[in-house]
Amino acid sequence: MNSRWKSFLESRSADIDPEGKVRFPNAPAEADCALMDLSPLGLIAVSGSEAVSFLQGQLTNDVVKLSADSSQLGSHCSHKGRMLASFRVFMRGDGIYLQLPRALVEATLKRLRMYLLRADATAEDASDQFAGIAIAGECAPSLLAAHLERVPGQDNEVTTARGLTLIRIPGPVPRFEIVGPPETMDGLWDDLAKTATIVNADFCALLDIRAGLPTVYPQTSDAFVPQMANLQLVEGVSFKKGCYTGQEVVARMQYLGKLKRRMYLARLTAEHPPAPGDVLHYPCSSSEQATGWVVDARADSDGEYELLVVLEIEARESGEVRLGGPEGPLLSLSDPPYGFPAEG
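First, a word on what this report is: a plain description of the structure on this page. (Residues numbered from 1 in each chain as written. Predicted model: local features only at pLDDT ≥ 70, side-chain atom pairs only at ≥ 80, totals over all residues. Heavy atoms only, no water.)

The subject of this paragraph is the packing of aromatic side chains. Taken as a whole and judged by the stated rule, the model has 8 aromatic pairs. When the ring of Tyr97 is compared with that of Phe130, the centres are 5.7 Å apart and the planes differ by 85 degrees; the resulting orientation is edge-to-face. In this pair, Tyr97 sits in strand β7 (residues 95–101) while Phe130 sits in the loop between β8 (122–125) and β9 (131–136), placing the two residues 33 residues apart along the sequence. Taking the relative accessible area as the measure of exposure, Tyr97 reaches 10% and is therefore buried. By way of ring pairs, the aromatic residues Trp5, Phe8, Phe24 and Trp189 are connected into one cluster. (Phe/Tyr/Trp six-rings, centres within 6.5 Å; stacked < 30°, edge-to-face > 60°. Helix = DSSP H or I, 4+ residues; strand = E, 2+ residues; numbered from the N terminus. Buried < 20%, exposed > 50% of the residue type's maximum accessible area, 1.4 Å probe, protein only.)

Here it is as structure tokens:
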């Protein structure tokens, strides 16, 4: 974490543990107008004259179509077509930035550098160069309009001005991420906090869950083909671009295979918090693997847990899926807000 931003958050009553996890004591789980620190997320900066062509050969999204005015979701896959990391990809200045959980930055950076070879491009950890915050709620557009000439009106749209990069995130309520230098962000934070309620970053992850936006964590790295996590349904996979690492498997699944697992929303009451990678149980499963796995899970203001889960399609239709095993808590399942395409 950037030392200036760390000191600033601590001066605003944040508790920061040795691993850099930020918590605001007594912060509510949710708020109608919410302000959040995004320190759990890191950034990889890719720059150079061949940065676009390099990333085009590594990521599932169509980097060629990326612009200063738009962001994309995407992932980096193994040769077996399984996601090793997922990103929000955006441009800022002369660089392309990959936003992902900070815990995956080092491993992802190491793997990307393996493919650089003689490309005129560099990949660097830029996590501590910037601070990231988010604001969510119907209040957000008007509050941000006081600081920026133009606030993005469309999902995934980006504006950059006064050193701040502003990204509109899809979801059930207006939500924006702001990335900028700490010396600019601290004043913005204080101004927004005059109206917005400070909550912890878990709420931003909860909004991702409600929007059906998947995130790969260390526990689920190399676990899912992109289609299992609905990445193609949120424009995170291009089937028209050229080859990229894992592309053959991903394309074969799309055109020749039969998808047996999808990602769904779920809700449950549990004594212990579910976590990414936790297994799911369906008594009539015919698979030799687990019925499914937790992608992400967060507590809501009712004290229950909302989840994204990758699950056998037939298990979803049965409504008898439990967390952990046959005696585990029962999941209440629903489709993501964007739904699924009709088959046939």
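Looking now at the nonpolar core. Grouped together as the largest cluster of nonpolar side chains are 53 residues, with contacts concentrated most on Ile44, Leu55 and Leu98. Broken down by element, the residue count for this core peaks at 5 residues, all from strand β6 (residues 83–92). Apart from the residues within four sequence positions on either side, Leu55 is in contact with Val46, Val63, Ile96, Leu98 and Lys241. (Core = buried A, V, L, I, M, F, W, Y, C linked by side-chain atoms within 4.5 Å. Contact = heavy atoms within 4.5 Å.)

With that settled, the discussion passes to the environment of Asp94. For Asp94, the position within the fold is in the loop between β6 and β7. The exposed category is assigned to Asp94, whose relative accessible area is 78%. Along the chain, Asp94 and Lys80 lie 14 residues apart, while their C-alpha atoms are 32 Å from each other.

Enumeration according to the criterion identifies 21 salt bridges in this entry. Across the salt bridge formed by Arg175 and Asp208, the nearest N and O atoms sit 2.8 Å from each other. Here Arg175 is found in strand β12 (residues 175–180), whereas its partner Asp208 is found in helix α6 (residues 202–211), with 33 residues between them in sequence. The exposure classification of Arg175 matches that of Asp208, with both residues buried. Because the salt bridges share partners, they merge into one network encompassing Glu30, Arg210, Arg267, Asp300, Asp302, Glu304 and Glu306. (Salt bridge = Lys/Arg side-chain N within 4 Å of Asp/Glu carboxyl O.)

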